[in-house]
Amino acid sequence: MFGVEIDPLRMDQAVAQISAWVADSDRRCRFVVTPNVDHVVMLQYHEGLQAAYRDAGMVLVDGAPVLWASRLLCCAEERLPERVAGSDLVPMLFEAADEQQPLAVFLLGAALGVAERAALNVRRRWPAIHVVGTYSPPVGFERDERENEKILGLIEAAQPEVLVVGLGAPKQELWVHRHRGRLTAKVALCVGATIDFLAGERSRAPLWMQSAGLEWLYRVASEPRRLAARYAKDAVIFPRLIAQEWWRMRQAVRSPS
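Every value quoted in this text rests on a predicted model; they were computed, and no experiment measured them. (Residues numbered from 1 in each chain as written. Predicted model: local features only at pLDDT ≥ 70, side-chain atom pairs only at ≥ 80, totals over all residues. Heavy atoms only, no water.)

Asks: Account for helix α1 (residues 11-23), naming residues and giving values.
Replies: Over its 13 residues, α1 runs 18 Å from end to end, which matches the ideal 18 Å to within 8%, given 1.5 Å per residue. Listed as buried for α1 are Met11, Ala14, Val15, Ile18, Trp21 and Val22. Here the buried residues of α1 occupy an arc of 120° about the axis, which is enough to place them on one side. (Helix = DSSP H or I, 4+ residues; strand = E, 2+ residues; numbered from the N terminus. Expected span 1.5 Å × (residues − 1). Buried < 20%, exposed > 50% of the residue type's maximum accessible area, 1.4 Å probe, protein only. Arc of directions from axis to C-beta.)

Given below as structure tokens:
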């Protein structure tokens, strides 16, 4: 949909696939992206993000409106089965680890000191998760080659199996895509504010709002200055994209094969 190939996976299937990649002897770094409405809007014009999505190892639906759009537009066998949000995926992946198969994790992103607090919480809650490194890059780091080399060196020295990247979109996807050939982790997860959630720096929406697909409303209310304009723009553009996609699919059905 919308020019994006989204993997129709449930949470348990996504966790199983990531775990299989971690266990694989292949040393290349596969990366996971989690599109929401804002991603879908950006993907209509952002060539760098389009390239990152094309090369992603897994594309999992994060935004509830994107999930609803699949149910509106797609036939039953092609609909996305459920929302697999990055902020839920990481804890579920941690839950799947055990003392016999511990998981080495590096936390990259969030504000200064937040990743360290997240690491403490992770160690307390999931003993099988070994946080082998944390780093909060300075503003504008992506344009500083020396800083990028420092980050890549920290990750290489720590030798994580999973790199949790919380730099915000599209910065996190572009950075991972650009440096994927040098990332020594087996898997990189581009998961937005997840490190903030793990640190207790931000709170998730109540479960009833998550279930109702209203987590975006909770986030806007929590950070109106940062998010209100973005969500207002997306609220105008996304329905138009749904209409365009419906028309494209209708024309495809009418056209002879």
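Next comes the rest of the write-up.
Asks: So what about the pattern of salt bridges? Which residues, and what values?
Replies: Scanning all chains against the criterion turns up 19 salt bridges. Arg226 serves as the salt-bridge partner of Glu223, at 2.9 Å between the closest nitrogen and oxygen. Through salt bridges with shared partners, one network takes in Asp62, Arg83, Asp88, Arg204 and Glu215. (Salt bridge = Lys/Arg side-chain N within 4 Å of Asp/Glu carboxyl O.)

Asks: I'd like to hear about the packing of helix α7 (residues 145-158) against helix α8 (residues 171-179), residue by residue, with values.
Replies: Interhelical geometry of α7 versus α8 gives an angle of 75° and a closest axis separation of 12 Å. Relative to α8, the element α7 lies roughly perpendicular. Between α7, through Glu145, Asn148, Ile151, Leu152 and Ile155, and α8, the contact on the second element is made entirely by Trp175, Arg178 and His179. Along the lines of polarity and charge, the residues of the contact of α7 with α8 split into four nonpolar, two polar and two charged. (Axes fitted to C-alpha atoms, helices over the stretch in contact; angles between N-to-C directions. Parallel < 35°, antiparallel > 145°, perpendicular 65-115°, else oblique. Contact = heavy atoms within 4.5 Å. Nonpolar A, V, L, I, M, F, W, Y, C, P; charged D, E, K, R; others polar.)

Asks: Tell me what's going on with the packing of α1 against helix α5 (residues 86-96), and back it up with residues and numbers.
Replies: Where α1 meets α5, the closest approach of the two axes is 10 Å, and the angle between their N-to-C directions is 60°. Considering their axes alone, α1 and α5 lie oblique with respect to each other. Viewed along their axes, α1 and α5 form a crossing whose handedness is right-handed. For the pair formed by α1 and α5, the contact residues are Met11, Ala14, Val15, Ile18 and Ser19 on the first element and Asp88, Leu89, Met92, Leu93 and Ala96 on the second. Looking at the contact of α1 with α5 residue by residue, the classes come out as eight nonpolar, one polar and one charged. (Left-handed = near helix turned anticlockwise from the far one by under 90°.)

Asks: Mind laying out the sheet that holds strand β4 (residues 129-135), listing which residues take part and the relevant values?
Replies: Remark on secondary structure: sheet strands pair via backbone hydrogen bonds, oriented parallel or antiparallel. Here we have six strands laid out as an open sheet, ordered β2-β1-β6-β5-β3-β4, and parallel in their pairing. Pairing within the sheet leaves two strands with one partner each, and these edge strands are β2 (58-59) and β4. Inspection of the sheet shows strand β3 (residues 103-109) paired to β4 by six bridges, in the parallel sense. Its bridge partner lying in β4, Leu108 is registered against Tyr135. Docked against the sheet, helix α6 (residues 114-125) engages β3 and β4, running at close to 175° with respect to β4. Across the sheet, α8 touches β1 (30-33), β3, β5 (162-166) and β6 (187-190), and the angle it forms with β6 is around 160°. (Pairing = 2+ DSSP bridges.)

Asks: Requested: an account of the side chain of Glu173, with residues and values cited.
Replies: Positionally, Glu173 belongs in helix α8. No salt bridge is formed by the buried Glu173; its nearest oppositely charged neighbour, Arg230, is found at 10 Å. (Lys, Arg positive; Asp, Glu negative; His and termini not counted.)

Asks: Summarise the environment of Asn121; cite the residues concerned and give the values.
Replies: Tracing the backbone shows Asn121 in helix α6. Residues Asn121 and Ala199, 78 residues apart in the sequence, show an inter-C-alpha distance of 6.5 Å. Ignoring anything within four residues of it in the chain, the contact list for Asn121 reads Leu198, Ala199 and Gly200.

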